Amino acid sequence: MKRFKFLVVLTLLFSLAAVQVRADEGMWLLQYLEKMNIKTMRGQGCKLTAKQIYDINHSSLKDAIMIFGGGCTAEVVSDKGLVLTNHHCGYGSIQKLSAVGKDYLRDGYWAMNSSEELVLPDLTVTFIDKFVDATPDMLAAETKTKGMDPKAKVAFMKKVTDSLKNVAIGGDKTLTAMVQTFNQGNNYYVITSRTFKDVRFVGAPPSSIGKFGGETDNWEWPRHTGDFSVFRIYADKNNNPASYSKDNVPYNPKKYLTISMKGYKPNDFAMIIGFPGRTQRYMTSSEVEEMQNISNAAEAYCRTIKEGIWQKAMRADEHTNIQYASKFAYSSNFRKKAIAMNDAFKTLNVIARRAEAEKEFMKWVEQSPERKVKYGDCLEKINSVVKERAASYYAFEYFIETLNDIEIIQPVYQLAYGKIDDKNFKEETADFYKDYSPALDRETTRALIKIYRDKVTDPKYIPSFYKEIDSAYNGSIDKYVDNMFDKTYFTSPQKALTAMKDSAFTMKNDPVFQMFVSMIKVAQPAYAEYNKYASEMQGAKKAYMEGQIEMAAEKDKFLYPDANFTMRLTYGKVGGYEINDKKFNYYTTLDGVMAKENPNDPEFVVPAKLKELWKAKDYGKYAMKNGEMPVCFLTNNDITGGNSGSDVLNAKGELIGLAFDGNYESMSGDVIFERDLQRCICVDIRYVLFVMDKFGGAGYLLNEMKFN
């Protein structure tokens with residue numbers, strides 16, 4: 001009876017008047033735009049209907065947007081499958097194609113015809129087909145599992161989810177399906193999608209444009225980065241997904257975006273459709289404090305040291321720079337975000353604000369005996385779990401950021417767990433060794449082992465190899481590491497394969513394997529200790545979320561689900577911001593690039609050709625009316641990681657830019673939306689096209705695009 005009442009509450013929520021929705025906050029599910037958002041969106045200036053944005057029976061904007069490579073968003077901009085995304089989203093793929101003598105990261109690359117488009121066998125893009133509500137089926141199934149032992153429960157739920165997926169797919173073999181949870185397990189949807197496996201690299205500017213400002217400007221405004229890259233989707237002759245084949249043809253999408261050259265002005269409507277990765281907007285104050293003091297702190301501290309070692313080696317050697325470029329960019333992006341998030345937590349009093357929200361919630365709970373039964377102890381349980389798991393969580397986080405990050409462990413781990421063997425070792429580890437430097441890993445390993453020893457002091461979380469360091473090497477971590485790297489078989493594939501062919505070879509004698517076993521004997525119990533609270537935490541968070549939804553419903557409000565890398569829409573407006581009496585303009589220009597130029601700093605080098613175009617003011621049709629060349633601009637759209645590469649659309653649904661970053665001052669936004677500060681940093685589509693055409697000489701690509 002209580003569950004039925006809750007489902008009724010949800011039904012009411014999905015039909016609430018959109019006037020209660022704040023225009024600039026929320027990562028909204030597209031299938032509910034008609035009921036939730038479209039009136040407010042149109043009041044803000046949107047010219048589209050809900051069906052023009054999301055429609056499962058006809059082509060709509062959602063059919064032009066895709067998951068790019070499993071961690072970003074991209075959009076198709078021609079009827080020949082041409083794709084735009086961020087430079088940093090394509091970075092890993094571009095790095096795989098690069099080598100000394102053909103460094104596409106440093107120098108850029110442009111295919112001048114289809115035969116010059118470069119094959120990327122591991123890159124995929126995924127289009128969403130539809131969302132199907134599976135909440136009643138999943139909640140009913142969960143009720144039936146009460147009292148089952150864990151294995152039986154898993155088997156039963158698998159049957160239920162498999163059935164739901166099969167029904168959603170029907171007879172279409174080009175589709176795949178997944179059952180995704182929302183609102184901490186209070187809602188479920190079956191999401192069907194179509195994945196294309198033949199995606200080729202068309203072009204990108206050099207990093208001096210695509211990554212201009214480097215780590216210094218990352219998460220900062222003003223920004224002057226041409227953060228874009230270009231790819232193309234190929235399909236079989238029936239326009240269906242297919243693995244790479246020379247017979248494949250450019251994909252003809254259901255929908256591709258029209259491009260606007262008209263620009264924008266303050267308060268213009270702007271929306272973004274993309275795949276935001278993860279937010280925690282409904283977490284408790286104790287969880288925020290846990291994030292601040294454990295996960296963010298570990299990430300910031302450990303990666304700062306590791307990246308310092310990497311950067312020195314990368315700047316000293318071109319080959320090493322190419323090998324570690326993508327790994328460094330990935331690591332540093334999250335390291336700086338962790339630092340910025342902790343700064344924002346303190347500056348914006350996020351923990352105290354979360355605590356106030358909890359007080360309001362408990363005051364509401366206390367007003368009803370039924371609520372006390374349903375929600376009275378959920379916050380207490382969450383706080384208790386956070387306290388109980390603190391030691392194991394702390395140790396495991398530092399383990400992940402240090403010992404687990406020792407690169408040479410990767411092939412050893414794969415062999416130890418049977419993921420590869422001596423027959424496929426060379427093939428399966430090719431990508432690893434291509435981008436692996438034993439000398440750099442040796443130096444990094446010394447530092448990581450030292451960090452773990454310094455930061456984790458509880459004896460039960462200390463691997464036994466530390467005793468070996470003390471007894472056999474007189475406490476010298478450097479000597480222990482040198483001995484391990486000198487004697488291991490796994491510093492190169494040739495050395496490893498030669499060893500494995502020897503009948504006397506045994507993994508247990510390899511020093512890296514010995515260290516790995518020592519690590520696992522500590523890491524597995526630490527994780528088990530942390531994870532033993534998972535069920536209790538999940539139940540408490542589900543109840544807390546259900547209560548927050550019910551409380552919001554009484555105020556005629558709807559709580560959008562946390563981001564979970566499913567397709568969402570956010571809408572807002574173009575505009576700058578102000579903090580501490582300092583006003584930030586809403587756009588930047590090429591003049592700002594030149595003002596930041598520093599030939600002695602690799603992050604701020606300006607290509608000679610770009611400087612020539614700037615001096616001549618040779619901007620062509622891409623300039624603003626005042627003659628300036630726009631580079632980046634701001635909106636107040638609600639985004640997070642995963643939105644990188646997302647389309648920024650105007651009121652007519654036309655492409656005006658690509659989202660690529662947030663601003664430092666609002667990095668607490670994953671936890672609490674900062675209405676006055678939170679901004680989405682976007683690269684202007686006119687700068688994208690200018691660089692593609694005037695700088696890159698690939699203007700022929702514009703011939704297949706559609707302009708307003």
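Residues numbered from 1 in each chain as written. Predicted model: local features only at pLDDT ≥ 70, side-chain atom pairs only at ≥ 80, totals over all residues. Heavy atoms only, no water.

## Structural notes on the packing of helix 11 (residues 285-316) against helix 12 (residues 318-347)
Cut-off, in case you're wondering: To get an axis, a line is fitted to the C-alpha atoms, and for a helix only the part in contact is used. The angle between two axes follows their N-to-C directions and goes from 0 to 180 degrees. Helix numbering and strand numbering both begin at the N terminus, where a helix is a DSSP run of H or I of at least 4 residues and a strand a DSSP run of E of at least 2. Angle categories are assigned with fixed cut-offs, so that under 35 degrees is roughly parallel, over 145 is roughly antiparallel, 65 to 115 is roughly perpendicular, and the rest are oblique. For any helix crossing, the convention is left-handed if the near helix is rotated counterclockwise from the far helix by under a right angle, and right-handed if that rotation is clockwise. Each residue gets one of three labels, nonpolar for Ala, Val, Leu, Ile, Met, Phe, Trp, Tyr, Cys and Pro, charged for Asp, Glu, Lys and Arg, and polar for the others, Gly among them.
Relative orientation of the contacting elements helix 11 and helix 12 amounts to 150°, with a least axis distance of 8 Å. By the angle class used here, helix 11 and helix 12 are roughly antiparallel. Crossing handedness for the pair helix 11 and helix 12: left-handed. Its residues placed into classes, the contact of helix 11 with helix 12 shows 17 nonpolar, nine polar and eight charged.

## So, the nonpolar core
How we decide: By nonpolar core is meant a set of buried Ala, Val, Leu, Ile, Met, Phe, Trp, Tyr and Cys residues that side-chain atoms within 4.5 Å join together. Here's how the labels work: a residue is buried when its accessible area is under 20% of the maximum for its type, exposed when over 50%, partly exposed in between, all with a 1.4 Å probe on protein chains only. For this analysis, residues touch if any pair of their heavy atoms sits within 4.5 Å.
Among the nonpolar cores identified, the biggest contains 125 residues, and Met41, Ile53, Met271, Leu590, Tyr687, Phe690 and Met692 are the most heavily contacted of them. In terms of residue count, the dominant contributor to this core is helix 28 (residues 685-695) (eight residues). If we ignore the near neighbours within four places in the chain, the residues touching tyrosine 687 are Ile209, Gly226, Leu590, Leu610, Met629, Pro630 and Val631. In terms of nonpolar packing, the next biggest core, distinct from the first, is built from 55 residues, Ile309, Met314, Tyr466 and Tyr480 among them.

## Concerning unusual backbone geometry
The residue after tryptophan 221, namely proline 222, is reached through a cis peptide bond having omega 10°. Along the polypeptide, proline 222 turns up in the loop between helix 10 (214-217) and strand 11 (229-235). Positioned with a positive phi, asparagine 474 is a non-glycine residue whose angle comes to about 55°. Considering the arrangement of structural elements, one finds asparagine 474 in the loop between helix 21 (465-472) and helix 22 (477-487). With a phi close to 55°, lysine 617 is a non-glycine residue in the positive phi region. Summarising the element assignment, lysine 617 is placed in the loop between helix 27 (608-615) and strand 19 (630-635).

## Points about the confidence of the model for the protein
We apply this condition: The pLDDT score gives, residue by residue, the confidence of the prediction method on a 0 to 100 scale.
Mean pLDDT over the protein: 94, with 97% of residues reaching 70 or higher. Scored below 50 in pLDDT, residues 1-23 makes 51 contacts in the model with residues more than four places away or belonging to other chains.

## Details of the packing of helix 22 against helix 24 (residues 511-531)
Where helix 22 meets helix 24, the axes come as close as 8 Å, and the angle between the chain directions of the two elements is 125°. The orientation of helix 22 with respect to helix 24, classified from their angle, is oblique. Residues Tyr480, Met484 and Lys487 of helix 22 lie in contact with helix 24, whose contacting residues are Pro511, Val512 and Met515. Class assignment for the residues of the contact of helix 22 with helix 24 results in five nonpolar, no polar and one charged.

## Topic: the pairing of strand 10 (residues 198-204)
Selection rule: For two strands to count as paired, DSSP must find a minimum of two bridges between them.
Extensive coverage of strand 10 is indicated by the burial of seven of its seven residues. With two bridges connecting them, strand 5 (residues 109-110) and strand 10 associate as antiparallel partners. Of the residues in strand 10, the one forming a bridge with tryptophan 110 is glycine 203. One ladder, built from three bridges, connects strand 6 (residues 118-120) with strand 10; its direction is antiparallel. The residue of strand 10 that forms the bridge with leucine 120 is valine 199.

## What about the packing of aromatic side chains?
Aromatic ring pairs are defined here through the distance separating the ring centres and the angle between the ring planes. So the rule is basically this: Ring pairs shown here join Phe, Tyr and Trp side chains whose ring centres sit within 6.5 Å, with only the six-membered ring taken for Trp; geometry is labelled stacked below 30 degrees between planes, edge-to-face above 60, and tilted in between. As a reminder, the over-ring test applies to NZ of lysine and CZ of arginine, requiring each to be within 6 Å of the ring centre and within 35 degrees of the ring normal.
Within the structure shown, the criterion is met by 49 aromatic pairs. Ring centres 6.5 Å apart and planes at 65° place the aromatic pair tyrosine 54 and phenylalanine 131 in the edge-to-face group. Here tyrosine 54 is found in the loop between helix 4 (50-53) and strand 2 (65-68), whereas its partner phenylalanine 131 is found in strand 7 (residues 125-133), with 77 residues between them in sequence. Linked through ring pairs, Tyr32, Tyr54, Phe131, Phe182 and Tyr189 together constitute an aromatic cluster. The residue whose ring lies beneath arginine 200 is tyrosine 234, and the NZ or CZ to ring-centre distance is 3.6 Å. The ring of phenylalanine 707 has lysine 621 lying over it, and the distance from NZ or CZ to the ring centre is 5.8 Å.

## A word on a positive patch on the surface
To keep it simple, the criterion reads: Residues enter a patch when their relative accessible area is above 30% and they make no salt bridge; the linking distance is 9 Å between like charges and 5 Å between nonpolar side chains (Val, Leu, Ile, Met, Phe, Trp, Tyr). For accessible areas, the Shrake-Rupley method is used with a probe of radius 1.4 Å. Any residue's cover is judged against the shown protein chains and nothing else. Each salt bridge in this description consists of a side-chain nitrogen of Lys or Arg and a carboxyl oxygen of Asp or Glu lying within 4 Å of one another. Here Asp and Glu are counted as negative and Lys and Arg as positive; His is not counted, and neither are the chain ends. The atom standing in for a charge is NZ when the residue is Lys, CZ when it is Arg, CG when it is Asp and CD when it is Glu.
Residues Arg42, Lys47, Lys262, Lys625 and Lys652 make up a contiguous surface patch of positive charge. By secondary structure assignment, the location of lysine 652 is in the loop between strand 20 (647-649) and strand 21 (655-662).

## Some remarks on the pairing of strand 9 (residues 187-196)
When you tally the buried positions in strand 9, you get nine out of 10 residues, the bulk of the element. Direction of pairing for strand 7 relative to strand 9: antiparallel, over a ladder of eight bridges. The residue of strand 9 that forms the bridge with valine 132 is valine 190. Two strands pair when backbone bridges link them, and strand 8 (residues 176-182) and strand 9 are joined in this way by seven bridges, in the antiparallel orientation. Across the sheet, the residue bridging to threonine 181 is tyrosine 188, located in strand 9. Taking the residues that link successive antiparallel strands as the turn, the strand 8-strand 9 hairpin has four residues, and the phi of asparagine 183 there is positive, at about 50°.

## A short note on the pattern of salt bridges
In the structure shown here, the tally under the stated rule is 47 salt bridges. Residues arginine 446 and aspartate 482 are paired through a salt bridge, measuring 2.5 Å at the closest nitrogen-oxygen approach. Of this pair, arginine 446 sits in helix 20 (residues 438-455) while aspartate 482 sits in helix 22, and the two are 36 residues apart along the sequence. For aspartate 482, a relative accessible area of 23% corresponds to the partly exposed category. Through salt bridges with shared partners, a single network forms among Arg442, Arg446, Lys450, Asp478, Asp482 and Asp486.

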